[in-house]
Each structure stands twice: as C-alpha cells, then as structure tokens.
Amino acid sequence: MEPGPALLFYVNGRKVTERNVDPEIMLLPYLRKKLQLTGTKYGCGGGGCGACTVMISRYSPTTKKIRHYPANACLIPICSLYGAAVTTVEGIGSTKTRIHPVQERIAKCHGTQCGFCTPGMVMSIYTLLRNHPEPTLDQLTDALGGNLCRCTGYRPIIDACKTFCKSSGCCQSKENGICSLDQGINGLPEYKEENKTSPKLFSEEEFLPLDPTQELIFPPELMIMAENQPQSTRVFRGDRMTWISPVTLKELLEAKFKYPQAPVVMGNTSVGPEVKFKGVFHPVVISPDRIEELSVVNHADNELTLGAGLSLAQVKNILADVVQKLPEEKTQIYRALLKHLGTLAGSQIRNMASLGGHIISRHLDSDLNPLLAVGNCTLNLLSKEGERQIPLNEQFLSKSPSADLKPQEILLSVNIPYSRKWEFVSAFRQAQRHQNALAIVNSGMRVFLGEGDGIIRELSILYGGVGPTTICARNSCQKLIGRLSRPWNEEMLDAACRLVLDEVLLPGSAPGGKVEFKRTLIISFLFKFYLEVSQTLKQMDPVHYPGLADKYESALEDLHARHHWSRIKYQNVDGKQLPQDPIGHPIMHLSGMKHATGEAIYCDDMPAMDRELFLTFVTSSRAHAKIVSIDLSEAFNLPGVVDILTEEHLGCIKSCFFSESETFLATNKVSCVGRLICAVIAESEVQAKRAAKQVKIVYQDLEPLILTIEEAIQHNSFFEPERKLEYGNVDEAFKVVDQILEGEMHVGGQEHFYMETQSMLAVPKGEDREMDVYVSTQFPKYIQDMVASALKLPANKVMCHVRRIGGAFGGKILKTGIMAAVTAFAANKHGCAVRCILERGEDMLITGGRHPYLGKYKVGFMNDGRILALDMEHYNNGGASLDESLLVIEMGLLKLDNAYKFPNLRCRGRACRTNLPSNTAFRGFGFPQAGLITEFCITEVAAKCGLSPEKVRMINMYKEIDQTAYKQEINAKNLVQCWGECLAMSSYSQRKAAVEKFNSENHWKKKGLAIVPLKYPVGICSVAAGQAAALVHIYLDGSVLVTHGGIEMGQGVHTKMIQVVSRELRMPMSNIHLRGTSTETVPNANCSGGSVVADFNGLAIKDACQTLLKRLEPIISKNPRGTWKDWAETAFEESISLSAIGYFRGYEADMNWEKGEGHPFEYFVYGAACSEVEIDCLTGDHKNLRTDIVMDIGRSINPALDIGQIEGAFIQGMGLYTLEELDYSPHGILYTRGPNQYKIPAICDVPTEFHISLLPPSQNSNNLYSSKGLGESGVFLGCSVFFALQDAVSAARQERGLSGPLRLSSPLTPEKIRMACEDRFTKMIPRDEPGSYVPWNVPI
Ligand SMILES: Cc1cc2nc3c(=O)[nH]c(=O)nc-3n(C[C@H](O)[C@H](O)[C@H](O)COP(=O)(O)OP(=O)(O)OC[C@H]3O[C@@H](n4cnc5c(N)ncnc54)[C@H](O)[C@@H]3O)c2cc1C
Ligand code: FES
Ligand code: FES
C-alpha cells in the first residue's frame, strides 16, 4: 500500500490540505488550535454534551446527493474527513458580516446566558434547517437532544427554534383537535387574568428571514473529487498510529487481512471514547471511506438487509419509511427498533454511529442488539476467504469465539426479517434521563403465538445492562414454550417472572449498582410485554381475548408525548419612564450575538503565546493514605516534558482564605481521591497528559476511611464550630403539642457542571516579575492573592483578568485559586506562558460540588396542622478540607424556616470532615438542601394530620409583618400574594381534582401535584463582603467605558450594568462599553455570587455616574442640546475629570451567632411554584407536565435576564432533586465523571408547560432601583417537582394498600420512584442481606 495523497477537506468553504497529519488528532483540537476556529467548544470530549457540534457534509457520487449531518467534533478523527465539508459556527454568520437567522433568533429570544453551549446549539439547529427548512417541533427537540445547557433551562432556546416551525404560534400537538395552547392540562380551562398586558420578550417581526439560497454551497471541488475518486487506499502515518482508508471493498478486505487486529472505525463513537477514557491504543486503524456495499438497503420478500456502514440516523429514516409501507404485522421488529432509535444518544451520535459499529461493539447496554437478537437477525460477514452468515444471537453477543467474527472478517450487512402474523416484538428501556442516556436496563422481547390459539410457540427475551454483555433468558423461554405449550395468560406471566429472575442473576455487588431496581425492571418489562401483547390480541380477536381492564391500559401509554409551550408574564415599565431609559426592558444579553456566532472569547479561546507550555495535574487515586513515594523519573524522560512541580518547589505556601490552611500540593498524605499531588509541565497538552500517567505514586492506606455523613458522625469527624440557633422554647412547646414526629431526610450532592471547565492561562510579563493571569473565576481578587503568595510577590505585581466565564454556579472560587497559583508558579519559573485547562473528568474529580445533607428533625404539631415546635439537626458532607462548608451550614440554618413561622425552633448544624473532595459553594448555598428538609418535614406532618400538604404549608406560613428565628423583621405580604397567585394561575384545586380522577382510573400511571412557597433571604451577613467599586470613564468622543468588580458568568450582569449607566448618564446603551473584569481596574473586588452581583456593583456604578453627572451638570445645563462629545470636550477644556470611581460600602448586615440574633440579610425574594408530574409506576419513569412559577422580584432591571435566572435555576434545582446522582465507590472514587454517567437536565426534562409570572413591581428603597437579586432562589423551586413526585408515589402506594411511612431521599430518581411504588413485582425480587456483599457504590 502506497501512501495516499494529502488529507484534503473543506472548513467553512475554505480548502484545508494537510500533508503531515497525525491520525490521533480529532477535529475539535484541530479547529481550535490549528485553524484558530474557537467557536466550537470543548465540554466533555466524549460526545455527551454537544458543545462541539459542527455540520459535516458529504457528497455521494452514487445518489448524487449531499448529506448534511450534525456531528461531535471531539470524536471525529481528522483523517476520516477526506473529501468532506465541515461547517462550524463561524462559517454560517458573524457580527462582522452577516448574522445567520439561527444565530440572531437564539440571541434575541434570550437563549444564551453564559453562551458556552450556544455555538453547539446553533449548529444543531442550523443542520436541521439545512435538511428541513420548516421543521416540526418534534424534529426540533430531537435535533437538540444531544446538546446540554446548564444555564438557560432550555425554554428560550425552544422558543427561538419554534420561530422556524411551520406555524410557530401553534404547539402542533392537536389533542382532540384542539391546539394545546388553547387548552389547559387535563383539558381544564386556563386561569384567565384581567389586563394581560405584558409585552413579549422578543419581537418576531424584526427577525431576518431564513433564506436557504444564502447558505454556503458544497465545494464543487469535493464533488468532482468524489466523482473521479481514484480507487486506491489512502494511508496517513503519524508518530504512533497509521490510518488506512480503503475506498473499495476489496481493499478493505485486504487491509483487514493484513492488519486483523486493527479496528474498523466508522463513527468512532465507540472506539473514540475507549481510546480517550480507557487508554486503549491502536497502532493501526482501518477506516473505510464511502464503500457502497456497506450502505446497501435491500428489500427482499421476507427481510430487509441494511449495510453495516449506514448511520443509526439513516437506519431510523429507512425503518420509518418501511413501517409506513408494510403491514403492521410484518414490521414488529422495525417498530421496536424505531422506538429505541428515538431515544438512543443524541442526534449527533446517531448521525455518526454506524449500525455495524453498534452491533460489533456489543456494549452491555446496547439498545439495538437485544432487539436484533430477538428478531433472529443474521450478519453477513466477508473476508478475503469469502462470505458467510452468522446469527446475531446470545453467543455472538457474549463474544463466544465460535460465534464471533474472525479477525480478518468485516461485517458487511445485517438481515432483519419481517415479523409474522401472531408474532409480537417489544422494546423497553429505562434510563436515568429519558433521552441521551444509556439505559439502566433495556430489553427486547418477542413471542410467536400459534395461529390465533394463544399458545406460545416461540419466545425470546434479552436484557441489556444487567451483565457484562447482553443477556438472554434462554432457559426461561424454553421452559415457557416447553412441552406444556403455555397459553398467554396471567399464570404464564407469573411463571415467566419467576423463571427469569432465577435465570438472570444480578449479584448485589454488580457494577452500576441499582441492583434491586434492575431486578425489578427485568420483570416489570416482562409484565409490560405481557400487557402489550394482550392488548394487541384484544384488538385482533376481541372474542377470544377479552384483554385488559381499562385501568391497566395505562401501563402502556407513553409519558413523553406532548409538546412544549410556555407563557411568560412580566411587568410593564412605569409609564412615566423616559422612552430611551432601558431599565425594566427585556434587553438581550449584550454578548448574545457573540455567543451565537462563536466570537465570544473564553479563557481557552485565547491564542497560544510564544513558547507556551501546558500544565496538567497528577491527583491522588486514594481517599485516605500516606504517600510512601513519588517516582517522577519515567514521566521526566518522555518527550516534551519540561518540569514536574511538587510541594517541594512551591514551598510552604498555604491557602489562607479560611481559617484552616491547605497546602497547594500534597506530599505526605492524601485525604481524598482527586487531591492535587504534582503538576506536569510539557510543551503540549498531549505530552503533559501522557507524562502525568507515568508518575508512579506508592500509597499506604490509612484508617479510618470516612465517606458518608453517618460515618463522620460515628467517628466524630467535624469541622469546628457547631452552629446553633434557638427561638422560643422548644422543650416547653413539645409538652403541649398534640403529636410529635421524628424523621430524617437525606439530600444528595450535585456537580456544578458549568459547561466551561476550569481554565487558566498565566503569562509572565517579562519585567519586574509581573504576572498576568487570565482565568475562568468568580473571584479574581482571590486568584491574585493566591498567585501573589505563591510567587512571593506583592499583589500589585499580579493582575487577574476575566472577560466572561462559561458558567460557574459557585464552583470557580477556591479550587480555581489553588490551580491558578500552581500554574502561575510554573509560568514564573520557566519565564513563559503556561496554560491549564481541565478535562471534564478531571474537573469533576477534583473540584467537589454541592454539599450532601442529612437533616434530622423532631417536630411537634397540633392536629389541625399547626407546627409549634421544630428541633432540627443539619449535617453537611464537607469533604476533606473546610472550604466554605461552615458558611454553607450557617446559611442553611438561617434559611431553613423557608416561608414558615415556627414559633419555637431549635436548629444545630455541623460540617462533617470526610475523605471526599472538598465540597464548596453552589447556587443557593445550603438553602436548597435545608429548605427541602423542612418541606419534607411539613409533608410528613400533613400526612400525620390527614391534611393536604398545601393546607399545612398555608397554616404555618409567615403572614404580614413578623420576625424570623434570628429576630430580623420580615414583611410577608408578597409571599402570601405569590402563593395566592400561584394557586390561581395553576388552577390548583381544579387540577388537584383532575389528578385524583386520573389516579383513580389508572393503576400503573399516577399523577402528582404540589405547590411550594419560597422566601429567599438575600444578603451576605457582612458589610465588608458587600462592598463594591466601579470605574466609569468618559472619552472625548463621548463614548463611555465602564468596569466594575462583578464577573459575567451568564447572568447578564454586564448588560444590566450598561443599562444602569445608560439610565444614570441618560445616554444610549450603544455608547457604553464594558471590556471585562480585572484587578487592574477595580481592586479588591468581592467574590461574584450570592445573588447580589448586580445589586452591589450597580450601586457602585450608579455612584460613579452620579459623581460624573454632578461634575458635568454646569456644562450640560449651559448647552442642553449638546452631545456627549460636546460636553466631554468642554469638560476637558475646563480641566474637569471625566473619570470617576463609584463605591458602595455594602448593606448594613450582622449576625451574632453567640446570641443567635442579627440582621444578616437585606431583603427577601418571595415566590411559589406548582408542578404536576406523571410517573410510570412500573419503571419509575417520570415527566414534569407543567410548572407554574410566580415570583416577587421587586422592580426588574431586565425581565428577560431575570426570567432567565428563574427558569435556569428552577431546571437546575429540578436536576438536583430528581435527576443528578453522584456515584462513589466504597473506596471514595467518583465514578460519575462526565455527561455520559452524570445526567443534568436536558431538553426532554423541560416541563411540557412552563409558565412564569412576576408580581407587579414593589418598592424597596435600599436596592438598586428596587430590583431584587435572583441568581439563586429559583433552585429551590425545583423541589415542587420532588413533592409532586412524592404525591404521585403516595397515590400509587395508597391504592396498593401501603400505609406505612415512606422514606424518600433526594434526588428522587426513577430507581427510587419505582422501588417506592411497591407491588407484586418488587415483592418477587430476591433481596440481598446487607453486609453479605460489597456494594458497587456508596450512597453519599
Ligand atoms: C455520547 C454517547 C451516547 C451513547 N448513547 C447510547 C445509547 O443511548 N444507547 C446505545 O445503545 N448506545 C449508545 N451509545 C453507543 C453507540 O451506539 C455506539 O458507540 C455506536 O453505535 C458505535 O458505532 P460506531 O460506528 O461509532 O463504531 P466505531 O467506534 O467506529 O466502531 C466500533 C467497533 O465496531 C467495529 N466495527 C465497526 N464497523 C465494523 C464492520 N463493518 N465490520 C467489522 N467491525 C466493525 C470496530 O472495529 C470497532 O471495534 C452512545 C455512545 C456515545 C458516544
Ligand atoms: S465536547 Fe464534544 S460532545 Fe462534549
Ligand atoms: S448558556 Fe448554555 S451552558 Fe451557559
């Protein structure tokens, strides 16, 4: 084989020719580093987040058609792109030339916050529109299924996309012929409100039209090249890997003959992640290119043959077509495959992954293999020696050598037979999230009943996710067919369940955990299959098959059918306001367009500096151990390695922000997995990562290993001090109450999952040891301090700059400081720039997250629901170092009352020291956990009193003027108003009745409804921590530059700040610019967080503007018709300074923990949320059907940004309470290290109906224009979904006669829902004796 031509492909219409290509390189780093196209982002590197989405276009000389499809650039080997055209976000539009309508609409509809996910979103929609200029909503949500956003909550993105749909005003889901926009959920009338005058958040009229003729054309050169493709294999040789691309079948077989061990890489979605995450290395890779035989679609009399090279998306389209054309009885397998192809991964992966790759990978959780196996599919194999067929059966799936491909063979195609009359095939899966999540258990089932006699003639059942491979329940099936020839009835079902449970054995320690859930799913699916077949039999022959009782039919309906729609109601601006004053208007995020075009620059988008080095950390693999030795020799000897730093180099510098000190790098002892041990510095990222793997550390484990809160309590392992708050006389009150209840509630942790991972670039300035640090942080001053102390420099030599960050949520403060200090140390030592960008897995491992909580309560109450005494103990899992754990406990205690007046309250809180990575600040800062525990306690009280939870909530709520437990005055008028409006807006009582009716009619599906109030105190307990400064310059041309200490992390603070300047100086926003945040312009700025960034910095800016106006007033009044240019020039002539510093000293605040009294907060944000859910009792699957939120946010500065904060936080809270689950091994190792294991809400999780309403403006004299900070409060409202789920589960339990206490914990995942809906199936499964096995994971 001769080396082929240079690699040739197009990017954004420009030809790229690579002569010395390294086959190990993926498209994403190539775009970002080589072509400087940094719009395409890195979010995970494993196909799971969609941040790197690009469009790939290929021309087929056979069909003469161009195929455009979305793909994840992080998994596309560059060599696979020969002859392809790549379109990135930069290729479709820019602010400098012409914005593309997709970019315009996502920005103008407020679909961007931090903007890090936006280019990926844009490219997914853009590709969809290239293929379907007027898509349906289904196509839209499907196209975005593989794109994650951590900020927006997706609603505005959906709204933006809807504007491209055929009739964007309609939901396109006409149930009973009525558009669901015109009918409430459950068909109930909607809450009609007088004076619905609120304007829209965006105006469709100004949108650019979508004009497909304006799109980039497919490069004609590539078309000609494809037509005249020379028929010879291309070979690309790198230092370590050789890439062979055969272009004919013959050459493919030859290559496979020569390199039998080489993988045949098609979509690279299986090989790619193995190479990246599991360290697998292939010296030779064979990647067939456009071999027609691999894309055959052949319809025969009794089967369909599909080429192994077809993508899963193509397979989906082909099958969709086939089921339209063939009678239903022939298409049972195709329908089942289609069902799974609808949820398998996201659109990008489905377009990249091939059918052959899917089959041959034989992942244990493959969705399609169980179906192909039950469907008796066969595989057509080919090698130089000839053709042969093998069955796709359990032996093949278990890779039994006698049933597998030979190393020289390739899979050519798959034969999928038609089904027969009386043959039924079904597909089942349950995952943590409905879409783009690997199944926890999946299954394919097929039965063939003899000619209408109902006797089982053939039966085939396979499961995925329950063993190392797809498992077949062969013996059970044989017994059920057996000599007895079972009929299809309940007796058979019962026998089947028992047989399958005996055969498909799952040990208690099985990888993946959730063992009892999996066992239950195995038979729940079987039951569903039984019902499905019974129902079809009834339709086919109602005389012989009476079928199911109506209420059982609910087991078969799909939960996720309806379409999204939303309604937003916000305040109109004051009629007296000047028309040019932007305060109160829904102004688009000022970076919105740049987010959408990829022009917004984040830390790692900065171009490489001369001689730049890369730093990567080596972290501890043990949770509690002594470091016996560290051997760096092998790592040092690798090419490109420049240095390896240990604590020895850094000396004895300590992180000193909090009372406890923490060394930067560990030398003697480690107290958690992920602890930084040393830092490898190399010429490239790849070299640094390779060397890091060669650092050899010998550990000696230490006792005790403390992972959980319970273990910390047992070992008395706490951070000091304990915090306590007491109000009234709890002990006395317990003596007079009717009832006392004790219980506890556990709230799991949460990963920040900001889309931009921790990133920093340290640049020595070359003079006076000055250092510039560009870093993704919420707290530049802290970074400055840490770097200065690491370099033993005064702070004035270290400057920290932040333009914007791709999300933070509290996670970019303290750990960022340590990593930035080490990076700057390396830069200083070597005199050149050093960059450190964490990979997603490293980030999740190292940085910790939201604190897991345990709340123990004793509550005393009267039979009418009045709570008279509450004694609460809080414990949080702080991890290995103090970080902010104590502050989190304090905030949790101060806020645990939520909206309730507990006349006698005692609460104590302790932060536990454990061997987990240190947990830290996270949006809400203790309140989401503390509030949930209190609300849970209230639902328990309600249950005990036989009252509804909303009644008990209402009875105990603060009313009018009152006092909190720490004796701060509170006026709860707006709380009561929010509650009342939410009840009305959600038609609560009518819907509650409808839910009850639904539940009485449906046995296997239940609905639940819940409403929760919110009182969120805003403030940070300290005056000094609230001070802020700003700098406003007016230039002689009349333009203004403003800077302040706040960080733009998606919340739109810079946009709001420009609105403030615009109002104060009465100048248009277009005249004002903001470059970013820097310790050089505003020194000593406080951390950005705690909902107060706009409050504090806005007041400082207002102060600066007023100073300027005061100085300029005489000039302006002399020339009132002048322009800012005139006034600035005159001021300059008159030697009046055009620059002013503004300052805000902080809200008056104090908290005396000794006395338990204070005024820690400035004001309260009030709100209420009502959610309705539906659950599938057999699988634990659930759907949020509708959420209504009412918020009192004072007088909004920018309702679009504020609503964005509310709904983004709500969805994040919903993730916390119902979805996001961290898994740790019994040795303290985090398993969940990327989007493929850790599920944050995706587009499928947005409530089907989502309505948000803001209370009319209220006056609040101290705040910035009476506005209220909203960054955090909405997280808690996500718990309305938790309680709605609890309500649904309770309904199921009640119907099943289960009255005992229901111990639920957060997150309320499908596993917990299913296991709480106890029934005959949960009773049937085997249970393991606790202690008889080592579980795979430990609940933290
Ligand atoms: C983010 C993500 C989400 C996912 N979600 C799901 C999910 O929800 N459900 C699910 O079932 N799966 C899921 N997957 C797995 C996915 O379906 C498989 O990775 C994919 O189908 C593999 O196809 P491929 O073409 O990319 O294979 P490749 O990675 O290209 O190849 C995989 C293997 O197949 C072999 N091979 C490929 N073609 C041939 C051939 N013609 N002849 C011989 N050998 C061949 C290769 O040698 C290699 O060993 C997910 C994957 C990712 C990355
Ligand atoms: S970076 Fe490619 S999918 Fe996440
Ligand atoms: S805007 Fe989507 S991740 Fe921030």
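Conventions and cut-offs
Residues numbered from 1 in each chain as written. Chains lettered and ligands numbered in written order. Predicted model: local features only at pLDDT ≥ 70, side-chain atom pairs only at ≥ 80, totals over all residues. Heavy atoms only, no water. Helix = DSSP H or I, 4+ residues; strand = E, 2+ residues; numbered from the N terminus. Buried < 20%, exposed > 50% of the residue type's maximum accessible area, 1.4 Å probe, protein only. Contact = heavy atoms within 4.5 Å. Areas by Shrake-Rupley, 256 points an atom, 1.4 Å probe, with all protein chains shown as cover. Lys, Arg positive; Asp, Glu negative; His and termini not counted. Charge placed at Lys NZ, Arg CZ, Asp CG, Glu CD. Pairing = 2+ DSSP bridges. Axes fitted to C-alpha atoms, helices over the stretch in contact; angles between N-to-C directions. Near = heavy atom within 4 Å. Polar contact = N/O pair within 3.5 Å; in protein donor to acceptor, adjacent residues only side chain to side chain. Parallel < 35°, antiparallel > 145°, perpendicular 65-115°, else oblique. Left-handed = near helix turned anticlockwise from the far one by under 90°. Nonpolar A, V, L, I, M, F, W, Y, C, P; charged D, E, K, R; others polar. Core = buried A, V, L, I, M, F, W, Y, C linked by side-chain atoms within 4.5 Å. UniProt positions renumbered as here; feature names shortened; annotations may be inferred. Phe/Tyr/Trp six-rings, centres within 6.5 Å; stacked < 30°, edge-to-face > 60°. Salt bridge = Lys/Arg side-chain N within 4 Å of Asp/Glu carboxyl O.

### Notes on the overall build of the protein chain
Reasoning step 1: Helix and strand counts for the protein chain stand at 40 helices and 50 strands.
Reasoning step 2: Reported as C-alpha extents along the three principal axes, the dimensions of the protein chain are approximately 95 × 80 × 70 Å.
Reasoning step 3: Looking at the protein chain as a whole, 65% of its 1340 residues qualify as buried.
Reasoning step 4: Looking at the protein chain alone, contacts between residues at least 24 apart form 78% of all its contacts between residues at least 6 apart.
Reasoning step 5: Total accessible area on the protein chain stands at roughly 47,700 Å², and carbon and sulfur atoms take up 51% of it.
Reasoning step 6: Averaging the coordinates of the 141 positive side-chain charges in the protein chain and doing the same for the 148 negative ones gives two points 1 Å apart.

### Some details on the pairing of strand β8 (residues 234-237)
Reasoning step 1: The pairing of β8 with strand β9 (residues 242-245) spans four bridges and is classified as antiparallel. Looking at β9, one finds that arginine 237 is bridged to threonine 242.
Reasoning step 2: Where β8 hands over to β9, the hairpin turn is made up of four residues, counted between the paired strands.

### A few points about the sheet that holds strand β42 (residues 1040-1044)
Reasoning step 1: One open sheet holds the four strands; their spatial order is β43-β42-β41-β45, and the pairing between them is mixed. Every interior strand has two partners, whereas the edge strands, β43 (1072-1073) and β45 (1139-1144), have only one.
Reasoning step 2: With five bridges joining them, strand β41 (residues 1028-1034) and β42 adopt antiparallel strand pairing. The residue of β42 that forms the bridge with leucine 1031 is threonine 1043.
Reasoning step 3: Contacts between helix α34 (residues 1093-1118) and the sheet are confined to β41, β42 and β45, with β45 contributing the most and set at about 140 degrees to the helix.

### Describing the site of ligand 1
Reasoning step 1: Of all residues adjacent to ligand 1, which total 35 residues, the nearest are Val264, Met266, Thr269, Ser354 and Asp367.
Reasoning step 2: Residue asparagine 268 places a main-chain N or O atom 2.9 Å away from an oxygen atom belonging to ligand 1.
Reasoning step 3: Out of a free accessible area of 980 Å², ligand 1 has 93% covered by protein chains.
Reasoning step 4: Of all the elements in the fold, those that place two or more residues in the shell around ligand 1 are α13 (355-361) and β15 (410-417).
Reasoning step 5: When residues of the shell around ligand 1 are assigned to their parent elements, the largest contribution, five residues, is made by α13.

### As for the packing of helix α29 (residues 927-945) against helix α38 (residues 1279-1295)
Reasoning step 1: Interaxial distance between α29 and α38 falls to 11 Å at its minimum, and their mutual angle equals 30 degrees. Put simply, α29 runs roughly parallel to α38. Where α29 crosses over α38, the two elements pack in a sense that is right-handed. Across from Leu932, Glu935, Phe936 and Thr939 in α29, the residues of α38 making contact are Cys1279, Phe1282, Phe1283 and Gln1286.
Reasoning step 2: When its residues are assigned to classes, the contact of α29 with α38 shows five nonpolar, two polar and one charged.

### Thoughts on the nonpolar core
Proteins that are soluble and globular tend to have nonpolar side chains buried together.
Reasoning step 1: In terms of nonpolar packing, the biggest core is built from 311 residues, with Tyr463, Trp488, Phe617, Met1191 and Phe1282 touching the most fellow members.
Reasoning step 2: Leave out the neighbours within four places in its chain, and tyrosine 463 touches Val441, Asn442, Ser443, Met445, Thr469, Thr470, Ile471, Val500, Val504, Ile522 and Leu526.

### Focus on the side chain of threonine 233
Reasoning step 1: Residue placement: threonine 233 occurs in the loop between α7 (220-227) and β8.
Reasoning step 2: The exposure class assigned to threonine 233 is buried, which follows from its relative accessible area of 7%.
Reasoning step 3: A polar side-chain atom of threonine 233 sits 2.8 Å from a polar atom in the side chain of glutamate 251.

### Focus on the UniProt feature "binding site: Mo-molybdopterin" (unreviewed entry) in the protein chain
Reasoning step 1: Under the UniProt annotation, "binding site: Mo-molybdopterin" (unreviewed entry) lies at Gln778, Phe809, Arg923 and Gly1090. For this annotated set, covering 313 residues, all C-alpha atoms fall within 12.4 Å of each other, a compact arrangement in space.
Reasoning step 2: With a relative accessible area of 3%, glutamine 778 lands in the buried category.
Reasoning step 3: The contact partners of glutamine 778, leaving out residues within four places of it in the chain, are Ile805, Ala808, Phe809, Gly810, Gly811, Lys812, Ile813, Ile1047, Met1049, Cys1087 and Ser1088.
Reasoning step 4: Engagement of the side chain of glutamine 778 in a polar contact is seen with the backbone nitrogen of glycine 810, the distance being 3.1 Å.
Reasoning step 5: Along the polypeptide, phenylalanine 809 turns up in the loop between β33 (798-802) and α26 (814-830).
Reasoning step 6: The exposure class assigned to phenylalanine 809 is buried, which follows from its relative accessible area of 12%.
Reasoning step 7: Those residues in contact with phenylalanine 809 that sit more than four places away from it in its chain are Arg150, Cys151, His752, Tyr754, Gln778, Ala921, Phe922, Arg923 and Gln1212.

### Structural notes on the packing of aromatic side chains
Reasoning step 1: Within the structure shown, the criterion is met by 27 aromatic pairs.
Reasoning step 2: Arranged with centres 5.1 Å apart and planes meeting at 65 degrees, the rings of phenylalanine 527 and tryptophan 1004 form a pair that is edge-to-face. Pair noted here: phenylalanine 527 is in helix α18 (residues 515-540) and tryptophan 1004 is in the loop between α32 (988-1001) and β40 (1005-1018), with a separation of 477 residues, a long-range link.
Reasoning step 3: In this structure phenylalanine 527 comes out as buried when scored by relative accessible area, which is 1%.

### Observations concerning the pattern of salt bridges
When the charged atoms of two side chains with opposite charge come close together, those side chains can pair.
Reasoning step 1: Enumeration according to the criterion identifies 79 salt bridges in this entry.
Reasoning step 2: Linking arginine 240 and glutamate 24 is a salt bridge whose minimum nitrogen-to-oxygen distance equals 2.9 Å. Of this pair, arginine 240 sits in the loop between β8 and β9 while glutamate 24 sits in the loop between β2 (14-18) and α1 (27-34), placing them 216 residues apart in sequence.
Reasoning step 3: Looking at arginine 240, the relative accessible area reads 37%, which means it is partly exposed.
Reasoning step 4: With a relative accessible area of 23%, glutamate 24 lands in the partly exposed category.
Reasoning step 5: Among the ionic pairs, glutamate 458 bridges to arginine 420, the shortest N-O distance being 2.9 Å. Residue glutamate 458 is found in strand β18 (residues 456-464), and its partner arginine 420 is found in the loop between β15 and β16 (423-431); the two are separated by 38 residues along the sequence.
Reasoning step 6: A relative accessible area of 26% places glutamate 458 in the partly exposed class.
Reasoning step 7: Of the residues examined, arginine 420 reaches a relative accessible area of 35% and is grouped as partly exposed.

### Some points on the sheet that holds β40
Reasoning step 1: An order of β20-β50-β49-β48-β40 is seen for the five strands of this open sheet, with the pairing classed as mixed. What marks the edges here is a single partner per strand, and that holds for β20 (565-569) and β40. Recorded for the sheet is a direction-independent mean angle of 10 degrees between the axes of neighbouring strands.
Reasoning step 2: Relative to strand β48 (residues 1163-1176), β40 runs antiparallel, the two sharing 14 bridges. Residue leucine 1009 lies in a different strand from β48, and its bridge partner there is glutamate 1172.

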